[in-house]
Amino acid sequence: MQVSMTVNGEEVTREIEGRLLLVHFLRDHLRLTGTHWGCDTSNCGTCVVWLDGEPVKSCTVLAAMAGGHEVRTVEGLEQNGELDPVQRGFVECHGLQCGFCTPGMMMTARALLDRNPDPSDTEIREAISGQICRCTGYATIVRSVRWAAAEEAGTRTSLETQATSGSAS
Amino acid sequence: MTAVSENGHRTAFVDNDKKPCGHGRMLRKEDPRFVRGKGRYVDDLDLPGMLHLAILRSPFAHARVLSVDTTLAEAHPKVRLVVTGAMLAEKGLAWMPTLSNDVQAVLATDKVRFQGQEVAFVVAEDRYAARDALELIDVEYEPLDPVIDVRTALSPDAPVIRDDLEGKADNHCFDWETGDEAETEAVFARADVVVTEDIVYPRVHPAPMETCGAVADFDQVDGRLTLWSTTQAPHAHRTLYAIVAGLPEHKIRVISPDIGGGFGNKVPIYPGYVCAIVGSLLTGKPVKWMEDRAENLISTGFARDYVMRGEIAATRDGRILAVRTQVLADHGAFNGTAAPVKYPAGFFGVFTGSYDIEAAHCKMTAVYTNKAPGGVAYACSFRITEAVYLIERIVDCLAYELAMDPVELRMKNFIRPEQFPFRTKTGWVYDSGNYAPTMELAKELAGYDALRAEQAEKRARGELMGIGVSFFTEAVGAGPRKDMDILGLGMADGCELRVHPTGKAVVRLSVQSQGQGHETTFAQIVAEELGIPPQDIDVVHGDTDQTPFGLGTYGSRSTPVSGAAAALVARKVRDKARLIASGMLEVSVADLEWEKGSFHVAGDPEASVTIQAIAMRAHGAGDLPEGVEGGLEAQICYNPENLTYPHGAYICVVDIDPGTAKVTVRRFVAVDDCGTRINPMIIEGQVHGGLTDGVGMALMEMISFDEDGNCLSGSLMDYLIPTSLEVPDWETGFTVTPSPHHPIGAKGVGESATVGSPPAIVNAVVDALKPYGIRHADMPLTPSRVWEAMQGRPTPPI
C-alpha cells in the first residue's frame, strides 16, 4: 500500500506493507535512525516520536496509521542549525550516557515543556515514566529538562547546585 | 593523609565555560551526535545488498532435536538461506568455545538445553520476511525432563544436561574453594557469637536498551571479514573468531560502533554473531542480525544466580573474627561465564569485605541447569556484587543479633588506613583505602542520627521506616597478566598516541565505550599529561584495524588499565618532547622544567617552548638532537601491577506502606572513593546509573522460570526495570584515596554503585521490618515478597 505523511515538515510518500511499524518505516525506509527500537511492547520508549504533536511509541503504531498525519522525530528538534534547548540541556547536565534512550526522552521532554513551561521535578518524572534509561538513573535527565525550562524562560542566570559533597584525604 | 575540609562543599554543575586542560568537569565530546540522533549503532548500518538474519529458538528447556525440516522456509520467495545445526556441524561450526573454556552450541545438533536456545537461522531480504520464514521451519522435538532447581541439579536421578561432554554423568560444572577451612573452623569454634543466614542472589539480567546484534560483511575476493557488532571486547572477539571460524586474524576487522549500553551483557560471543558471519560467508552479502527484546532477555548473558549460606563469627562486643560461606552457583546450560580463567568464581574471593578479620573460607559448587548460559554480567565486577551482598547482609544480621548500630559495627571492624596495602585472608592485596572518613561523610550527608530519631518516632506510631547501610570494597582493573587471562589472552591494554605537526593529537585505545564517555575521559587524561587541550585530542576506539590490542571494557577496567596506558603513553611522548625541547632551547635535558603544556629553562620561565611548537619541530625540516627520530608519537602495552580497590559507603532510607507492603526508596546517599577523579560529572553519572540498577535488583528485577523451564521474564512487562518514578534524586559525595600503583592514582568506578547499592536497600527494608522480627528477606523485595515477610513467611525466590 501507499502511505503519505509529513515527517519533520517534509511530505513523504512510500510503498509499504500494511503491517510495517512506524519505527521501521522511519528507520529503514526514511533512514531516520535517531529513533531507536528497544522492546516491541511499549515499555522502553526508545522509539518515542510525535504524532500530531503527541508523543507516541512508534513500535506500536503502524506506519499506515500515520498516513495523513504529522510525525516529528529527534532529527526535527534542531531548527535552522540551532539545537533545541532540550538538546542543549541534555548535553549541559549529562542527561545521557550511551545515548540510546535519549531521542525518545528528548521528544517527551519537548512535548512536556510545550504544554508546561515550568514543570516540577515530579511532573518531569511523571512525563518520562513510560521510558527506560539504564545509564543515568534519571536524576540528570530531570536536571536537563529543568535546564531547558529555565533556558526558555530566560531565568537560567544563577548556577544551580547539586548534592555533591566531598573531602580529600 | 589529612582530610582537606571540603565536606559539605556544594559544587556547581552548570559550569559551561569551564574547559579544563586535563582533569575536571567537562561536557562530553560524544554528546553532540547523540542529541541530534546521529549516534551510529549497529542497527543503524545499512550496507548495499544487505540481508537480514533471524534465529529460530527452542520452545523447550530440554529436548532432543529429532528433525529439522526447512523445505517450506527455503521456498519463501524472499529467503536466501536457511541453516541448521546439522549444516554447521558439517563445517565444524556447530559448537564454539565459551569464555570459560566450555563449549556452547551455535545451533543445536543433538539436544536443546535451555528455552530460547538457537536451533536454526534464516537469511532473507528484509527483517519481516526473515521472521516470517522462521514460522515455516518444522522442528520435531522429544521433550526431556528439565533441571530447573539448582538445589537438585546434583541429585543422582537428575537428567544429565551436558551429555555432549565425553563421560559426563552428572550436572557438576566446577568446584572452587578459597581461604583456610581448618583455621576458619577453629575461629568459629571459639567465637562468642555465630550468625548463619541463607542468602539468595537471584538471576537478573543487564537488559541494555540496545539489544545484541551484528552486521557481518565477508568479502569473497580478498577473504576479509568486517563485523560490526555490539561487543564490549572487539579485540578479544576478533581473536576468538579467528580460532572458531578458522579465518586468519589479519583478515578480520571487528568494529564496535556506538553501543547502547553494555553492563556486561555484550562481553560474551553469542551464537547470533557467529550465525551472522556464517550467513555472510555463505551468501556473499552483508548480513544483519538484531535480536529482539525477548531474545535478549531469555538467551543472552544473565547475572548472579548464587544460593549462599553465609556465616559470621564475632565477639559479643562486636569484633568480627571470621566469615565463611558455601555457595551453590547456577551456571545454566553452558558455562559462559566471562571471567579470568584462573577465577572461575570471578572475584568472589573478596567476600571478606572491608573488614580486618582473622579467618575466612569459601566453598563453592557450580552446576549446569536447563537455563540460559552466562553468569558474569550486569556491572558485577566479576562477581563482587555477590561477594559484597553476602558480607554486607551477614554483617547486618550480626548487628541485629548483637543489637548494635550497623554503622558502629562496621566502623569497629574496618581495615585501618595504616594496614594498607592489606592482604586479606583469601589472598587479595587491597592497594589503598581510608574507610572511616568515607563512612563518616555518608553519615553526615544522610543526617544519620536525625534519621534514627525520626525512625524511633515513626516506629512508635506504627509506621515502617528503614535505614540501610552498606560499605563495599571493590577489586577492579583486571588485571596483572601473570595470573589473569581470558582464554589465554593476557589482560593488558595497548594504547597509541600520535601528536600531529600542528599540535593536535590522536589517541588510540583498546577499550571501547558503551556510554561511559571514553572520548572525553581519555582526551582529558592525555591533556593532563601533555597540556594539549582535550578538544584537540581525538579518541579512536572500537575498531580492531585502528586500535592496539587489548581486552576490552568490563569489570570497571577502562580507567584502571587503559587509563593508565593513556597516561603512560602521554608521558612517553613528553619524554621525547623534552629531548626535542632541549635542542630548541639549546640547554641540556636536565635544565628543563615541565609546566603543563610547555618546557622552560629552569630559572628562566621566558625561555620556553610549547608542546605544539615541539610537535612542529618534531616533524619539521630542522635538525633534531642526536639520536632523536622525527615524529612525536609513542605506544605502550600496560600490564597492571595489581587490581585497584575503590570503596564506598551507602545509606538508604525506605518507607514501607504497611497496607500494601510497597517499598519506596525515599533517599539514597552514596559516597564513593575511586581514587583520583578525572571527570566528576561522568563519575557522578556512572554512580547514578549503578544505584538505579541496585533499586532494580533489590526491589524489582528477577529472571524466573516455571518448573518446565519456561522463562517467565521474557519481556519488559515481566522483567521490571526501574523508571523515573521508582528512584529518588540521588545524593552523592566522595573521598579521594589514590591508588598507589596507578600512574594517576585512579581506580575505576563504573560498577561501584551496582555492587554497593543492593545490600544498602535490602538492609533498609529489613531494618524497616524489625518490628516484625525479620532478620533477612531475599531480593527482589516486591510488595508480595515483603508482605510474606511481614506475615513471618519470607520464602526464598528460588
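The rules behind these values
Residues numbered from 1 in each chain as written. Chains lettered and ligands numbered in written order. Predicted model: local features only at pLDDT ≥ 70, side-chain atom pairs only at ≥ 80, totals over all residues. Helix = DSSP H or I, 4+ residues; strand = E, 2+ residues; numbered from the N terminus. Rg over C-alpha atoms; globule rule 2.2 N^0.38 Å. Buried ≥ 20, exposed ≤ 12 C-beta atoms within 10 Å, placed from the backbone. Pairing = 2+ DSSP bridges. Axes fitted to C-alpha atoms, helices over the stretch in contact; angles between N-to-C directions. Domains from an automatic or database assignment. Contact = placed C-beta atoms within 7 Å. Nonpolar A, V, L, I, M, F, W, Y, C, P; charged D, E, K, R; others polar. Core = buried A, V, L, I, M, F, W, Y, C linked by C-beta atoms within 7 Å. Expected span 1.5 Å × (residues − 1). Arc of directions from axis to C-beta. pLDDT = per-residue confidence, 0-100. Parallel < 35°, antiparallel > 145°, perpendicular 65-115°, else oblique. Left-handed = near helix turned anticlockwise from the far one by under 90°.

Things to note about the overall build of chain B
In terms of regular secondary structure, chain B is built from 18 helices and 33 strands. Rg of the C-alpha trace for chain B: 27 Å, near the compact-globule value of 28 Å for 798 residues, within the 12% margin. Principal-axis analysis of the C-alpha atoms gives chain B an extent of 80 × 75 × 50 Å.

Focus: the overall build of chain A
Broken down by element type, chain A carries five helices and six strands. Secondary structure elements of chain A occur, N-terminal to C-terminal, as β-β-α-β-β-β-α-α-α-α-β. Rg of the C-alpha trace for chain A: 17 Å, near the compact-globule value of 15 Å for 169 residues, within the 12% margin. Overall, chain A is about 65 × 30 × 25 Å in size when its C-alpha atoms are taken along their principal axes. Every one of the 169 residues in chain A was classed for burial, and the buried ones make up 57%.

So, the sheet that holds strand E29 (residues 604-610) of chain B
All names here are of chain B. Taken in spatial order, the three strands make up an open sheet running E27-E28-E29, and their pairing is antiparallel. Unpaired on one side and paired on the other, strand E27 (592-595) and E29 mark the two borders of the sheet. Going across the sheet, the axis of each strand differs from the next one's by a mean of 35°, ignoring polarity. Where E27 meets strand E28 (residues 598-601), four bridges bridge the pair, whose relative direction is antiparallel. Note that in E28 the partner of Trp594 across the bridge is Phe599.

Thoughts on the environment of Phe382 of chain B
If you trace the backbone, Phe382 of chain B turns up in the loop between strand E18 (374-375) and helix H9 (384-402). Separated by 234 residues in sequence, Phe382 of chain B and Ile148 of chain B have C-alpha atoms that sit 24 Å apart.

Concerning the domain arrangement of chain B
Accessible area lost on assembly of the parts is the figure often given for the size of an interface. Residue and element names in this part refer to chain B. Domain assignment breaks chain B into domain 1 (31-39 + 492-638), domain 2 (43-144 + 211-259 + 266-299) and domain 3 (302-478 + 642-790). Here the C-alpha centre of domain 2 lies 40 Å away from the C-alpha centre of domain 1. On the domain 2 side, the residues contacting the 14 residues of domain 1 number 15 residues. Tallied by class, the residues present in the side of domain 1 that touches domain 2 amount to three nonpolar, nine polar and two charged.

Examining the domain arrangement of chain A
All names here are of chain A. Examined at the domain level, chain A breaks down into domain 1 (2-76) and domain 2 (85-153). Between domain 1 and domain 2, the C-alpha centre-to-centre distance is 21 Å. In this complex, domain 1 contributes 13 residues to the contact, which on the side of domain 2 involves eleven residues. It is strand E3 (residues 48-51) that contributes the most residues to the side of domain 1 that touches domain 2, three residues altogether.

Quick look at the environment of Leu112 of chain A
All names here are of chain A. With respect to the helices and strands, the residue Leu112 is situated in helix H3 (residues 102-115). For Leu112, a count of 21 C-beta atoms within 10 Å translates into the label buried. Leu112 sits eleven residues away from Glu123 along the chain, and the two C-alpha atoms are 8.8 Å apart. In this view, Leu112 contacts Pro119, Ile124, Ala127 and Val145; residues no more than four positions away in its chain are not counted.

A word on unusual backbone geometry
All names here are of chain B. The omega torsion of the bond from Phe420 to Pro421 falls at -5°, within 30 degrees of zero and hence cis. Considering the arrangement of structural elements, one finds Pro421 in the loop between helix H10 (406-413) and strand E19 (422-423). Across the junction of Met779 and Pro780, the peptide omega takes the value -10°, indicating a cis bond. Among the structural elements, Pro780 can be located in the loop between helix H17 (752-768) and helix H18 (783-790).

Examining the nonpolar core
Core analysis: the biggest nonpolar cluster contains 315 residues, and Val122, Val526, Ala566 and Val765 of chain B have the highest contact counts within it. With residues near it in sequence (within four places) discarded, Val122 of chain B still touches Leu53, Ala54, Ala73, Val79, Val82, Ala130, Ala133 and Leu134 of chain B.

Structural notes on helix H14 (residues 558-585) of chain B
If you check H14 of chain B, its first and last C-alpha atoms are 38 Å apart, about what 28 residues at 1.5 Å a residue would give, namely 40 Å. In the stretch just after H14 of chain B, Glu586 of chain B is the one whose phi turns positive, near 55°.

Brief notes about the pairing of strand E4 (residues 54-57) of chain A
Here E4 of chain A shows one buried face, formed by Pro55 and Lys57 of chain A, and one open face, formed by Glu54 and Val56 of chain A. The hairpin turn running from E3 of chain A into E4 of chain A, its antiparallel successor, is two residues long, and Asp52 of chain A in that turn takes a positive phi close to 50°.

A few points about H10 of chain B
The α-helix advances 3.6 residues per turn, and as a result positions three or four apart in sequence lie on the same side. Residue and element names in this part refer to chain B. Three or more residues of H10 are buried, namely Pro406, Val407, Leu409, Arg410 and Asn413. Summarising the axial view, the buried residues of H10 lie within an arc of 165°, below the 170-degree limit, and thus occupy one face. On its buried face, H10 is in contact with strand E16 (320-330), H9, helix H11 (435-446), helix H12 (448-460), strand E21 (464-473) and H17.

Side note on the sheet that holds strand E24 (residues 493-499) of chain B
Residue and element names in this part refer to chain B. Read across the sheet, four strands follow the order E26-E25-E24-E30 without closing on themselves; strand pairing throughout is mixed. Looking along the sheet, the strands with just one partner apiece sit at the ends: strand E26 (537-540) and strand E30 (633-638). Across the sheet, the axes of successive neighbouring strands diverge by a mean angle of 15°, strand direction being ignored. For strand E25 (residues 505-509) and E26, the ladder comprises four bridges, and the chain directions are parallel. Bridge pairing links Val507 to Val539 in E26.

Digging into the confidence of the model for chain A
Summarising the model, chain A shows a mean pLDDT of 93, and 92% of its residues fall at 70 or more. Long-range and interchain partners of residues 158-165 of chain A, a stretch whose pLDDT sits below 50, account for 21 contacts in this model, where long-range means more than four residues apart.

Re the confidence of the model for chain B
All names here are of chain B. With 98% of its residues at a pLDDT of 70 or more, chain B has an overall mean of 96. Taken together, the stretch residues 1-17 has pLDDT below 50 and engages in 34 contacts with residues farther than four places along the chain or on a different chain. Interface scoring of the predicted complex returns ipTM 0.96; its pTM is 0.96.

As for the packing of H3 of chain A against helix H5 (residues 139-153) of chain A
Residue and element names in this part refer to chain A. Relative orientation of the contacting elements H3 and H5 amounts to 40°, with a least axis distance of 11 Å. The angle between the axes of H3 and H5 places the two elements in the oblique class. Our pair here, H3 against H5, has a crossing hand that is right-handed. Of the residues in H5, those touching H3 at Met105, Ala109, Leu112 and Leu113 are Ile141, Val145, Ala148, Ala149 and Glu152. Partitioned by chemical class, the residues of the contact of H3 with H5 number eight nonpolar, no polar and one charged.

Overview of the pairing of strand E1 (residues 2-7) of chain A
Residue and element names in this part refer to chain A. Alternating residues of E1 divide into Val3, Met5 and Val7, all buried, and Gln2, Ser4 and Thr6, none buried. For E1 and strand E2 (residues 10-15), the ladder comprises six bridges, and the chain directions are antiparallel. Within the sheet, the bridge partner assigned to Val3 lies in E2 and is Arg14. Pairing of E1 with strand E5 (residues 70-72), which is carried by two bridges, proceeds in the parallel orientation. Residue Val7 lies in a different strand from E5, and its bridge partner there is Val71.

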